[in-house]
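Residue-level structural notes
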Amino acid sequence: MSFLTYAWNWLRQPAQWHGAGAIPARILEQLGYSGLALLIAAVIALPLGVVIGHTGRGAFLAVSLTSAWRSIPTLGLLVLLVVVLGFSALTWLVPLVVLGIPPILVNAYEGVAGVDPGLRDAAAGVGMTRWQQVLQVEVPVALPLIIVGLRTAAIFIVSTATIAAYIGLGGLGRYIFDGLANNNYGEVAGGAVLVVLLALAVLLLSALVRHLAVPAGLRTQERRSR
Amino acid sequence: MYLTTRSVQRGSAASLALAVGLALAACSSSAPGNPLTPAASSGSVIVGSANFPEDELLAQIYATALAAKGVTVTDQFSIGAREVYYPEIEKGAITIIPEYNGALLATAVDPSSTAATTAQVDAQLKARLPASLEVLDPAPAQDKDSVTVTQAFAARYHLTSIAQLKPLAPSMVFGAPPEFKTRPDGQAGLRKRYGLVFKGFDALDESGPITLKALMDGQVQAADVFTTTPQILTDHLVSLADPKSDFAAQNVIPLVYRKGVNATIVNTLNAISARLTTAGLLEMDKATIVDHENYSTVATAWLKAEGLPS
Amino acid sequence: MVWSWIPGNLGLIGQLTRQNAYIGIVSAVAGLLIAVPLGIASARWRWLYPPVLSAANVIYALPSLALFVALLAYTGLSDTTVIIPLTLFSLVVILPNVVGGLRAVPDDARQAATAMGFGPLRRLAQVELPLAGPVIIAGMRVATVSSISLVSVGQLIGVGGLGYLFTDGLDRDFPTEIYVGLILIIVLALACDLLLVLARRVLTPWQRHGQSGADAAARLAWPAARAAPPRRAGQAPRGGSMP
């Protein structure tokens, strides 16, 4: 039986969809863990990225740190926090936030830094203050890239939230770890498929957000230069 | 000219050398050979262990003693739960693994078995194991599942036995390894023999820090804490009596792939089993888990103290 | 942190580090070896790229643990079971960089090569790929760092290099092991990253060192200072620990 057949057979069972630990509940848990982590990562990384992009200071440091950042093993961080902090929200939040910061930061920085200097001049020329320049010109122009960063971070976080189940939490990872322990490949496969579908849903959602949020002019510019 | 021929050639030569070097490195793998072919007969073995410290300690004891007897040993420790490694040993990808007779019988071999004593369990195992596997002599040492509560909880409800939990269960959450939910001597067994229906079940780990923290923090009110877990002593936990023997005997026993072992190996393992007591095992668990000593150090020390090959 | 634990366990630490390095590097290199031909094809035949990239995105979204378990039935408890999914992840990271790098090769360079009599294959090997070199290496850096980091997740099926220190450290409530594992993985990953930076200097000596833009831009797979570079979905910096 193929991986997908196992998954399909398991997903078909109505028992999986009703009750306390059922699929809808687990999906909500996964989204809950992910959403909060993404929010916090964005709150930290977006302003930082925008500032670095705008001032150009700290760019080298930020970009160099990203390499080191990417090498942090999420499992290791999670385990360390369990041993040091015990069970608190921070235990699963910190690894997920740490994971989400680099893509958001780097993309925000590159987006703002890549804004046409002519636009900056024009904004200064019309008398915009620095804040107005950033918020009304640079960020909107950098928006496509910022959204790409948020989307990448969202996918990383949603997928990695499966690992929260390793320390006894919920979410779709529960199916993978329980299935593993029970030699129930259907459960493992089903859980994996659900995570993928969720990640794809995030992809689609971000495409929608991009369509709505990015001004039509920028979208056309992108399409033309393809 | 931008790209001098020499610089490009140097670049190409460097990349070629890198690729060849890596390809050569790739040929010498650190894996224990093709896992689908059985271990080379008799002369060399693969000792595996499950994913909890006590089993790794036992595997280390086996491996050290066998190596001292001249057997070539490869170790494959910390694999996963029984449900992951059992198919591997069945086809000979692993040769030896320390097991617990009761759990092995109830989970992998014969779920309908009602054998409870060591003798009964071993007899059933010998009769029902697949042809490719066999179990050697059981050790006196047992590490059983249990229903364990905190000292405070036991005191409040004057608990000494699992049977007393029946009226309390519906307001309790039970914590155990994930496989406890489906294993016959697990949740189903407790329900059948004691009428326990818990409010909830939390899948945690193999009587490890997550289970213990959950029990101490009150996230679960009772948990499956294995009886040689040293924290039972250090945290003053209370393991409730099991008068109806839901949890069958759980003697430490070597499970081996028949074709992979010879007389030397069998005799060495049996000699180890003969000298392994529950007290000795608990002491070694405390040394490795609480005092953080190395598995190999503790294993070698015990073997020496017992006069076994080390 | 119990420092005295380290000297007594150098053998174990060395063995785990070697396994971690081996699995991580082999995966990244294998990913590169697949990504280059695939990328060349995708750059040449543009219709190929969107479906390939979509398939890659789907694979990247799969939790690595699920992939390890799926492969257990076929490749057993061996390094291979971890190498295959990590190779796929590396491929996903490097592929956009290969395509982007090749597409960014200036037309003048191509035309000059053709004018000099280079056939398409020679042009590819001696002009286009070298010019795309920095960008491809940037992708390779991300892939290598991520692979080395992700090996630890393999510990959940018993093949995890330094990840063993995480699970054992958790099982025994022993933070020292966990710290050692964390530090060594980070050091190992950064060492490989540095090696690749040096490799880039050696392999592409025509790059002027003063170009600080090169580092940052290479990270994003596009040469520096373009007004509205066609930043595409696949070109966002990838990589990161994603079990």
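Residues numbered from 1 in each chain as written. Chains lettered and ligands numbered in written order. Predicted model: local features only at pLDDT ≥ 70, side-chain atom pairs only at ≥ 80, totals over all residues.

1. Things to note about the overall build of chain C
As a reminder, the rule being used: Only runs of H or I of at least four residues qualify as helices and only runs of E of at least two qualify as strands under DSSP, and these elements are numbered from the N terminus. Note on burial: count the other C-beta atoms lying within 10 Å of the residue's C-beta; 20 or more is buried, 12 or fewer is exposed, in between is partly exposed, and C-beta positions come from the backbone. By the criterion used throughout, residues are in contact when their C-beta atoms, derived from the backbone, lie within 7 Å.
Broken down by element type, chain C carries nine helices and zero strands. In sequence order, the secondary structure elements of chain C are arranged as α-α-α-α-α-α-α-α-α. Across the 243 residues that make up chain C, the buried fraction comes to 58%. Taking contacts inside chain C between residues at least 6 apart in sequence as the whole, the part at least 24 apart equals 74%.

2. Some thoughts on the overall build of chain A
When you go through chain A residue by residue, the secondary structure sums to 10 helices and zero strands. Listed by position from the N terminus, the elements making up chain A come as α-α-α-α-α-α-α-α-α-α. Projected onto the principal axes, the alpha-carbon positions of chain A cover approximately 65 × 40 × 25 Å. Here chain A holds 226 residues, and 51% of them are scored as buried. Across chain A, contacts joining residues at least 24 apart in sequence account for 74% of those joining residues at least 6 apart.

3. Quick word on helix α2 (residues 23-55) of chain A
All names here are of chain A. What counts is decided by this rule: Expected helix span is computed as 1.5 Å times (number of residues minus one). What the bend at a residue measures is the angle between two axes, fitted to the seven residues ending there and to the seven starting there.
Over its 33 residues, α2 runs 47 Å from end to end, which matches the ideal 48 Å to within 8%, given 1.5 Å per residue. Within α2, the axis deviates most sharply at A42, by approximately 25 degrees. G56 occupies a position one or two residues after α2 and carries a positive phi of about 75 degrees.

4. Re the nonpolar core
Note the threshold: To form a nonpolar core, buried Ala, Val, Leu, Ile, Met, Phe, Trp, Tyr and Cys residues must be joined through C-beta atoms within 7 Å. Where each domain starts and ends comes from a domain assignment, either automatic or drawn from a database.
Formed by 236 residues in total, the largest nonpolar core has its most connected members in L78 and I157 of chain A, Y62 of chain B together with I94 of chain C. A domain-level breakdown of this core finds at least three residues from each of domain 1 (44-143 + 250-305) and domain 2 (148-239) of chain B. When neighbours within four sequence positions are excluded, Y62 of chain B is seen to be in contact with V47, I96, P98, P254, L269 and I272 of chain B.

5. So, the packing of helix α3 (residues 59-70) of chain A against helix α5 (residues 89-113) of chain A
Residues and elements named next belong to chain A. Selection criterion: Lines fitted to C-alpha atoms define the axes here, with helix axes fitted over just the stretch in contact, and angles between the N-to-C directions of these axes take values from 0 to 180 degrees. To sort the angles, those under 35 degrees are grouped as roughly parallel, those over 145 as roughly antiparallel, those from 65 to 115 as roughly perpendicular, and the leftovers as oblique. Each crossing gets its hand from how the near helix is turned against the far one by less than a right angle, where anticlockwise is left-handed and clockwise is right-handed. Under the scheme applied, nonpolar residues are Ala, Val, Leu, Ile, Met, Phe, Trp, Tyr, Cys and Pro; charged residues are Asp, Glu, Lys and Arg; polar residues are all the others, including Gly.
At a minimum axis distance of 10 Å, the contact between α3 and α5 shows a crossing angle of 155 degrees. The angle between the axes of α3 and α5 places the two elements in the roughly antiparallel class. The way α3 lies across α5 gives a crossing that is left-handed. Facing α3, whose interface residues are A59, A62, V63, T66, W69 and R70, α5 presents I101, P102, L105, V106 and Y109. By residue class, the composition of the contact of α3 with α5 is nine nonpolar, one polar and one charged.

6. Observations regarding the pairing of strand β6 (residues 173-176) of chain B
The side chains of a regular strand alternate, residue by residue, between the two faces of the sheet. Residue and element names in this part refer to chain B. As a reminder, the rule being used: The pairing criterion for strands is at least two bridges between them, as found by DSSP. A crossover counts as right-handed when, viewed with the strands pointing away from the observer, the path leading from the first strand over the helix to the second turns clockwise.
Here β6 runs beside strand β7 (residues 200-203); their pairing, made up of four bridges, is parallel. Across the sheet, F174 pairs through a bridge with F201, a residue of β7. This β-α-β element, β6 to helix α7 (residues 187-194) to β7, shows right-handed connectivity.

7. Some details on the packing of helix α4 (residues 101-109) of chain B against helix α5 (residues 118-128) of chain B
Residue and element names in this part refer to chain B. At a minimum axis distance of 9 Å, the contact between α4 and α5 shows a crossing angle of 40 degrees. By the angle between their directions, the pair α4 and α5 is classed as oblique. Every pair of crossing elements has a handedness; the one defined by α4 and α5 is left-handed. Within the contact between the two elements, α4 uses N101, G102, L104, L105 and V109 and α5 uses V121, D122, Q124, L125 and R128. Of the residues that constitute the contact of α4 with α5, the class distribution is five nonpolar, three polar and two charged.

8. Re the confidence of the model for chain C
Residue and element names in this part refer to chain C. Note the cut-off: Per residue, pLDDT captures the predictor's confidence, and it can take any value from 0 to 100.
When pLDDT is averaged across chain C, the result is 82; 85% of the residues are at 70 or more. Per-element mean pLDDT across chain C ranges from 41 in helix α9 (residues 212-220) up to 94 in helix α1 (residues 10-44). Ignoring residues within four places in sequence, the model shows residues 210-243, a span with pLDDT below 50, making 88 contacts including any to other chains.

9. Quick word on the environment of T144 of chain C
Residues and elements named next belong to chain C. Counting through the fold element by element, T144 comes out in helix α6 (residues 120-150). Among the residues examined, T144 registers 31 C-beta atoms within 10 Å and is labelled buried. Along the chain, T144 and S27 lie 117 residues apart, while their C-alpha atoms are 7.9 Å from each other. With sequence-adjacent residues up to four places away left out, T144 is seen in contact with G24, I25, A28, C192, D193 and L196.

10. Details of unusual backbone geometry
Positive phi outside glycine occurs at S245 of chain B, with the angle close to 50 degrees. The exposure class of S245 of chain B is partly exposed, given the 16 C-beta atoms found within 10 Å.

11. Focus: the pairing of strand β10 (residues 252-257) of chain B
Residue and element names in this part refer to chain B. Across the six residues that make up β10, a large majority, six, are buried. The side-chain alternation of β10 yields two buried faces, one formed by V252, P254 and V256 and the other by I253, L255 and Y257. The sheet contact formed by strand β3 (residues 96-100) and β10 spans five bridges and is antiparallel. Its bridge partner lying in β10, E99 is registered against I253. Bridging between strand β4 (residues 133-135) and β10 involves three bridges; their strand directions are antiparallel. The residue of β10 that forms the bridge with E134 is V256.

12. So, helix α10 (residues 263-275) of chain B
All names here are of chain B. Rules: This arc is built from the directions going out from the helix axis to the C-beta atoms.
Look at α10: 19 Å from first C-alpha to last across 13 residues, which is about the 18 Å you get at 1.5 Å a residue. What α10 keeps buried is the set I265, T268, L269, I272 and S273. Buried residues along α10 cover an arc of 135 degrees about the axis, so they all sit on one side. Exposed side of α10, more than 90 degrees from the buried face: A263 and N267 are the residues found there. Where α10 is buried, its residues contact β1 (44-48), α2 (53-68) and β10.

13. Quick word on the environment of G208 of chain B
Positionally, G208 of chain B belongs in the loop between β7 and α8 (209-217). For the pair G208 of chain B and L136 of chain B, spaced 72 residues apart in the sequence, the C-alpha separation amounts to 28 Å. In this structure G208 of chain B touches F52 of chain B together with L170 and D171 of chain C, once residues within four positions along its chain are discounted.

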